[in-house]
Amino acid sequence: MNDAAGTVTYGKRGRVAIVTIDNPPLNALGPGIRESIVDRVREANADGGIEAIVLAGAGRHFIAGADIRQFGKARAMSSSTSAAALAASAKPVVAAIDGYCLGGGLEHALACHYRIATTDARLGLPEVKLGLIPGAGGTQRLPRLVGIRNALDIILSGRHVAADEALELGLVTKIVEPSVLLDAAVDFAAGVAAVRPLPSVDAMETWREADRRDPHAFDAAEQLASRQGRHLKGPRYAVELVRASLQLPLEEGIRLEGERFAELENSEESRALRYAFFAERTAAKIPGAPPGYVPPRVERPAVIGAGTMGSGIAIAFADAGVPVRLLEADGEALQRGMQRIAATYAAKLKRKTITQEEIDARMALIRPVAGYHDIADCDAVIEAVFERIDVKREVFARLDEVMNADALLLTNSSAIDIDTIAAATRRPQSVAGSHFFAPANVMKLCEIVKGDASSIQTILRAARMGRDLGKISVVTGSCDGFAANRSRAPLVTEMMLLLEEGALPGQVDKVMTDFGYPMGPFAVSDLSGLDISYDTRKRRAAADPGYRKLYVPDRLVEMGRKGQKVGAGWYRYEPGDRTPRPDPVVAQVIAEVARELGIPQRTFTDDEILRRLLFASVNEACKIVQEGKALRASDIDVMWLNGFGFPRHRGGLLYWADGIGAAAIHRQVCEWHELYGKRWKPAGLLAGIAAAGGRLRDAVAP
Ligand code: 3H9
């Protein structure tokens, strides 16, 4: 987004004034915009030749909200003042809404007397996602217009409401095609110019009596807010304010909203969430793109391998409306894959997050195929076969024979070197990694792994594919574990070694859920299966004589405790119940290992556990950036937020670490290096940032 100040223009069509916000690309309410809106509305009211006003956005969008970069800085005028100027206009104001109408944008539209939208309009109040609440009257005007339940749903979910639903809710008066919006708005404004009294949302009483009598109007919202309220104040304040909208006069409600907004704007949670918003957008910027090159959309993908990952990726394509072929040579495995897909959709149907018609449409998009000739015309292939290098090389050699010259050849490998795989083809420039995270149809992260030979076009096409699937694509270099898993691996090592020193899985998990993770790392390990990393550990141990073995998980796997799927792992599980229950057998295995190794037992504070796990990963993340395997430290934050469930209100691993400070972390890492040896060797980048007094999150690859 450019920093040039936007403008608000004033035009006329007959007796209708057109006030247009022009602040590309999304007409955010940047510096000066609010003041100009007030001036233009005043001008129109003073203009004797004008009877009505249309408020519009230049280009394809109305207003995407307040300018997020300005939060925390002084503002000459608040958004609620400019919204109030619209509401107070003596001449009717019609909001002409195309594209995004979000946050402060919708709040300005709500202050207008009428709202006309296009079929492309997306309306919403996404402030809670930034740790905020609507701050320009949204919590007071929306319930007056659409009722308490609808308002709470829109404000607490932050979701975008499409035009047809907005019409149904009464959020807009009329829908038109985008090409005729301005004409329709001007005609409409001229038609209602003489209507008095003006239909102000502020005076609406339609819903209020019924809402006041509805004893359950707040139940669902209150439950949601109290679940989130442990870490986030926004949802709680939003419920409080919507409740106030039933009890207080509008001006008082808006005053209270302003107070709460000011508190949240300066809160740590909102700062972290705003950081995460921009870090995700920065991750999308891939250096080296040829000028003017627009990567084509993947339209005919194929997925090879119908296991858990392959079928998850196929679902991700079907969910995005893209027809996809699922290739598996073994007929039975193919059938199992299709059954797994059907079961995933059936579970969604049970949770009522999808309809049977939608399932039928998506299943029809997934075509099971058995031979390479069935995918020869595909424009992209994502290989998700067994994680063994010889198997992968065989697949890529076959692909090289059959695929079109411009096909994108991607591997979902989570660790194997991209160059070794690419070397099985005569077109290594077309090969890259697209590493999805399980479950692939749910998790938002897609690591785009660049091999030495991958062309920039291949990387840009793969990244676009991820984005078109609704994922966040982050480019990384090829190394063991790539950037995401590699940066998390030390956390996993430390959590196992803490056990040998006297901690228990339940304690470690509680520390991490208290921190904000939805699940603790041991519970996650039970969910994905303890056996998953067993082979990798064996491989590493064989390759590195100095490798520190993790005896506890190895022993559990050898005892058959592979996790939830067998009812026992780090915890035990009752049949049909996913609640993890502490198991004395595990405590016994841990005690045995500690005894055999002669490790003295001690207790840990929660803070020490948290630091031990996360500092290990901070140190590794610094090594990854230093080696150029991630483009920026903030990209690693994006990976942790979208691949590992790191609590979003903490910004990300390195953003969180900056709250403690690079120097303090470096000191601690050095101490543990002395105590525990080479796995804690401090990263040069960490030492450098600590010495310079800089911020870890600002680090970029050399
Ligand atoms: C608010 O309104 C508070 C009010 O209650 C009143 C306050 C008193 N500000 O995402 P994209 C930039 S809170 C500044 O890549 P897309 C973005 O960083 C706000 N910058 O496009 C990027 O810049 P760059 C409520 C913004 O098509 C460029 O625009 N509103 C803002 O994938 C393109 O963005 C929101 O929370 C902004 N408001 O998605 C909406 N919005 O090119 C936040 C965008 O330099 N925005 N930028 O990297 C979004 O959710 C998405 O941007 C949107 C478009 C869905 C609109």
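Per an unreviewed UniProt entry, the chain goes by the name 3-hydroxyacyl-CoA dehydrogenase NAD-binding domain-containing protein and belongs to Pigmentiphaga soli. UniProt annotates the chain under Catalytic activity (unreviewed entry) with the comment "a (3S)-3-hydroxyacyl-CoA + NAD(+) = a 3-oxoacyl-CoA + NADH + H(+)". The annotation that UniProt attaches to the chain under Pathway (unreviewed entry) is "Lipid metabolism; fatty acid beta-oxidation."

Caption draft 1: Expanded view of the sheet that holds strand S16 (residues 445–450). The sheet built from 8 strands is open, its strands ordered S12-S11-S10-S13-S14-S15-S16-S17 with mixed pairing. The open sheet terminates on both sides in strands that have one partner only, identified here as strand S12 (366–369) and strand S17 (472–477). On average, each strand axis in the sheet is inclined to that of its neighbour by 25 degrees, with strand direction left out of account. Here 3 bridges tie strand S14 (residues 408–411) to strand S15 (residues 431–436), and the two strands are oriented parallel to one another. Residue pairing across strands places Thr411 opposite Gly433, the latter belonging to S15. The strands touched by helix H19 (residues 482–501) are S15, S16 and S17; relative to S16, the strand with the most contacts, the crossing angle is about 110 degrees.

Caption draft 2: Region of interest: the domain arrangement of the chain. The assigned domain composition of the chain is domain 1 (2–266), domain 2 (301–478) and domain 3 (485–698). Measuring from the centre of the C-alpha atoms in domain 2 to the corresponding centre in domain 3 gives 29 Å. Among the elements that line the side of domain 2 that touches domain 3, the one with the most residues is S17, at 5 residues. Along the lines of polarity and charge, the residues of the side of domain 2 that touches domain 3 split into 8 nonpolar, 3 polar and 1 charged.

Caption draft 3: Spotlight on helix H29 (residues 684–692). Looking only at H29, the buried set comprises Leu685, Leu686, Ile689 and Ala690. Buried residues along H29 cover an arc of 135 degrees about the axis, so they all sit on one side. Away from its buried face, by an angle of more than 90 degrees, H29 presents the exposed residues Gly684, Ala691 and Ala692. At its buried positions, H29 is contacted by helix H25 (606–626) and helix H28 (662–676).

Caption draft 4: Just the packing of helix H26 (residues 633–643) against helix H27 (residues 653–660), in detail. Axis separation between H26 and H27 bottoms out at 6 Å; the angle between their running directions is 115 degrees. The angle between the axes of H26 and H27 places the two elements in the roughly perpendicular class. Two secondary-structure elements touch here, H26 through Ala633, Ile636, Asp637 and Trp640 and H27 through Leu653, Leu654 and Tyr655. Within the contact of H26 with H27, the residues separate by chemical class into 6 nonpolar, no polar and 1 charged.

Caption draft 5: Up close: the sheet that holds strand S5 (residues 100–102). Taken together, 3 strands build an open sheet; the order of strands is S5-S7-S8 and the sheet is mixed. The open sheet is flanked by S5 and strand S8 (161–162), the only strands paired with a single partner. Relative to the sheet, helix H3 (residues 104–111) contacts S5 and strand S7 (122–124), its axis offset from that of S5 by approximately 85 degrees.

Caption draft 6: The confidence of the model for the chain, seen in detail. Summary statistics for the chain give a mean pLDDT of 95 and a share of 99% for residues scoring 70 or more. The ipTM value of the predicted complex is 0.98, and its pTM value is 0.95.

Caption draft 7: View of the UniProt feature "domain: 3-hydroxyacyl-CoA dehydrogenase C-terminal" (unreviewed entry) in the chain. Per the UniProt record, "domain: 3-hydroxyacyl-CoA dehydrogenase C-terminal" (unreviewed entry) is annotated on residues 481–573 and 609–689. Across residues 481–573, helical content stands at 61% and strand content at 0%; the span's end C-alpha atoms are separated by 30 Å. Across residues 609–689 one finds 72% helix and 0% strand; the C-alpha atoms that close the span lie 24 Å apart.

Caption draft 8: Local environment of the nonpolar core. The biggest cluster of nonpolar side chains holds 201 residues, and the ones touching the most others in it are Val54, Val94 and Val381. Of the residues forming this core, the biggest block, 10 residues, is contributed by H25. Among residues more than four places away in sequence, those in contact with Val381 are Ala302, Ile304, Ile375, Leu399, Met403, Ala407, Leu409 and Leu410.

Caption draft 9: Looking closely at the site of the ligand. Around the ligand, the surrounding shell holds 28 residues, and the nearest of these are Gly65, Ala66, Gly103, Gly104 and Gly135. At the level of elements, S5, H3 and helix H12 (268–283) are the ones that each hand at least two residues to the shell around the ligand. Class assignment of the residues belonging to the shell around the ligand gives a composition of 16 nonpolar, 7 polar and 5 charged.

Caption draft 10: Seen up close, the UniProt feature "domain: 3-hydroxyacyl-CoA dehydrogenase NAD binding" (unreviewed entry) in the chain. Residues given the UniProt feature "domain: 3-hydroxyacyl-CoA dehydrogenase NAD binding" (unreviewed entry) here are residues 302–477. With 42% helix and 21% strand, residues 302–477 has its two end C-alpha atoms placed 24 Å apart.

Caption draft 11: Here's a closer look at unusual backbone geometry. Across the junction of Pro24 and Pro25, the peptide omega takes the value 5 degrees, indicating a cis bond. With respect to the secondary-structure elements, Pro25 resides in the loop between strand S2 (16–22) and helix H1 (33–46). Cis geometry marks the peptide bond from Arg196 to Pro197; its omega dihedral reads -5 degrees. Mapped onto the fold, Pro197 is located in the loop between helix H7 (181–192) and helix H8 (208–213).

Caption draft 12: Layout of helix H18 (residues 456–468). When the terminal C-alpha atoms of H18 are compared, their 18 Å separation across 13 residues agrees well with the 18 Å that a helix rising 1.5 Å per residue should span. Within H18, burial applies to Thr458, Ile459, Leu460, Arg461, Ala462, Ala463, Met465 and Gly466. Buried residues along H18 sit against strand S13 (380–383), S14, S15, S16 and S17.

Caption draft 13: Focus on the pairing of strand S6 (residues 114–118). In terms of residue burial, S6 counts as a mostly covered element, since 5 of its 5 residues are buried. In S6, alternate side chains face the same way, and those of Tyr114, Ile116 and Thr118 on one face and Arg115 and Ala117 on the other are all buried. Two strands pair when backbone bridges link them, and strand S4 (residues 93–97) and S6 are joined in this way by 4 bridges, in the parallel orientation. The residue of S6 that forms the bridge with Val94 is Tyr114. Two strands pair when backbone bridges link them, and S6 and strand S9 (residues 174–176) are joined in this way by 3 bridges, in the parallel orientation.

Criteria and cut-off values
- Residues numbered from 1 in each chain as written.
- Predicted model: local features only at pLDDT ≥ 70, side-chain atom pairs only at ≥ 80, totals over all residues.
- UniProt positions renumbered as here; feature names shortened; annotations may be inferred.
- Pairing = 2+ DSSP bridges.
- Helix = DSSP H or I, 4+ residues; strand = E, 2+ residues; numbered from the N terminus.
- Axes fitted to C-alpha atoms, helices over the stretch in contact; angles between N-to-C directions.
- Contact = placed C-beta atoms within 7 Å.
- Domains from an automatic or database assignment.
- Nonpolar A, V, L, I, M, F, W, Y, C, P; charged D, E, K, R; others polar.
- Buried ≥ 20, exposed ≤ 12 C-beta atoms within 10 Å, placed from the backbone.
- Arc of directions from axis to C-beta.
- Parallel < 35°, antiparallel > 145°, perpendicular 65-115°, else oblique.
- pLDDT = per-residue confidence, 0-100.
- Core = buried A, V, L, I, M, F, W, Y, C linked by C-beta atoms within 7 Å.
- Near = placed C-beta within 6 Å.
- Expected span 1.5 Å × (residues − 1).

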